[in-house]
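Structural overview
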Amino acid sequence: MATSDSYSFSEGFSLTFQLFGILGKLHLLFLTSLVLCPQLLLAQWNATIGAQSDDLGKQALAFLPNEIWIHAGESITWTMAANEGHTVTFLTSGQIRPPFTAECPGFSGPSASFDGSTCVTSGLLFQGDKFTVVFPVPGNFKLVCLVHEGMTGTIHVLDPSQSLPHDQAFYDHEAQRESADFLGVAIAGVMNHQHHLENSVIAGHGETVATGGGSDSLSVMRFSDQGITVHAGDTIEWTNDDPTTTHTITFGPEPQDLVDPSSNVTIDADGGRHGVLNSPSDAVHSGFIQAAPQDRTGLAQSPSGVTRFRVTFNNPGIYPYICSLHDVLGMKGSVVVLP
Ligand SMILES: [Cu+2]
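Counting restarts for each chain: residues are numbered from 1 in the order of the written sequence. For this predicted model, a pLDDT threshold of at least 70 governs which residues receive local features, and a threshold of 80 or more governs which side-chain atom pairs are given and counted, while totals over whole chains, interfaces and linings are taken from all residues. Derived side-chain values reflect all non-hydrogen atoms in the structure, with water molecules and hydrogen atoms excluded from consideration.

Overview of the state of the cysteines
We call a pair of cysteine sulfur atoms a disulfide when they lie within 2.5 Å. With the rule as written, the count across this model stands at one disulfide. Here Cys104 is linked by a disulfide to Cys119, with a sulfur-sulfur distance of 1.8 Å. Between Cys104 and Cys119, the disulfide has an S-S torsion of -45° and is therefore left-handed. Taken as a pair, Cys104 in the loop between β5 (89-90) and β6 (111-113) and Cys119 in the loop between β6 and β7 (120-121) lie far apart in primary sequence, 15 residues in all. Three exposure classes are used, based on accessible area relative to the maximum for each residue type with a 1.4 Å probe and protein chains only: buried under 20%, partly exposed in between, and exposed over 50%. By relative accessible area, Cys119 is classed as buried at 9%. Starting at the N terminus, helices and strands are each numbered in turn, a helix being any DSSP run of H or I of at least four residues and a strand any DSSP run of E of at least two.

Next comes the structure, spelled out in structure tokens:
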């Protein structure tokens, strides 16, 4: 028994030794191949979507960063860092932009590969969600968010023989710097600066900026005067100052149709929408209040935006209201109507 045991031991030792030898050779082969063919070292890149203030009121509608250079065959993983929903979407060249609810017809999956021939989209992403896209062929690909029209970027996919201008640390730094720039904007000043008319409320404020890769916006998802006081018979005017983000002014329950105004809304001579409330139990919904999209030469111009909503309060009371799109981010207010 003892002899047999020692025989097995030495045999096992010898096998283990041989295994180490093979692994060592494989390791050396792997390292050699990396030196000769660096493209075998496929990088996995990371980027962030969105940034927000602690109170969720300031939302950076941005890919951070929005321009990345990678090698063909590599992938990028985007991670959501905001409560406002976004998509990671690559449309094909010239494709009509679909509504975010339609996504890319035929496409589904938690991860994707984009070579420019078939539309790819993440679907609506929220805080903490991730989406990875592999880019198998060289090309320059536009990145968009289907929810926010001014939120774009570019992915430059180079042949592996070409060198990349930046590393992951550079992109991490860019993302942090851009995010800090957005969230550092003093919104109280911005909102108050334009809040100069009596009985007027700014319903959201925004600023759009560009980089070499695309455009980003800061959206302030707040009403400038969250507790305004007026007298019976007065009219309050809400104005959306944001160039890209839509808001609503909604008294009473949220309607099924958020896009269109409720049937008790009329149109003023200047195009602003107008509702009348006789008691705090009445309901009225502005529909989407938003700026006109940017015009493009060679295409039909877009109609002027409906940027204003007015409500006349006939009787005293406390009238709470929300933006039905951004109430989850805290975009709420109330009107106190005195006799
Ligand atoms: Cu809103």
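Quick look at the pairing of strand β20 (residues 317-322)
Pairs of strands are assigned from DSSP output, requiring at least two bridges between the strands. Alignment of strand β15 (residues 250-251) against β20, held across two bridges, turns out to be antiparallel. Looking at β20, one finds that Thr250 is bridged to Ile322. Bridge count for β20 against strand β21 (residues 332-338) is six bridges, and the pairing is antiparallel. Bridge pairing in β21 places Tyr321 opposite Gly333.

Notes on unusual backbone geometry
Cis geometry is found at the peptide bond from Leu64 to Pro65, where omega equals -5°. Here Pro65 shows up in the loop between β2 (58-64) and β3 (67-71). Even without being a glycine, Glu103 presents a positive backbone phi close to 55°. Along the polypeptide, Glu103 turns up in the loop between β5 and β6. Of note in this structure, Asn199 is not a glycine but carries a positive phi near 55°.

Considerations on a nonpolar patch on the surface
Nonpolar side chains (Val, Leu, Ile, Met, Phe, Trp, Tyr) are joined into patches within 5 Å and like charges within 9 Å, using only residues with over 30% relative accessible area and no salt bridge. Note on areas: Shrake-Rupley with a 1.4 Å probe; residue coverage comes only from the protein chains shown. Criterion for a salt bridge: a side-chain nitrogen of Lys or Arg within 4 Å of a carboxyl oxygen of Asp or Glu. Together, Phe100, Leu124 and Phe126 make up a nonpolar patch on the protein surface, roughly 240 Å² of accessible area in all. With respect to the helices, strands and loops of the structure, Phe100 is situated in the loop between β5 and β6. Its relative accessible area of 33% is what places Phe100 among the partly exposed residues.

Some remarks on the sheet that holds β20
Pairing within the open sheet is mixed, and its five strands lie in the order β13-β21-β20-β15-β18. Either end of the sheet is taken by a strand with one partner, and the two such strands are β13 (227-231) and β18 (284-285). By the bridge criterion, two bridges tie β15 to β18 in an arrangement that is antiparallel. Following the sheet pairing, Phe251 is matched in β18 by Val284.

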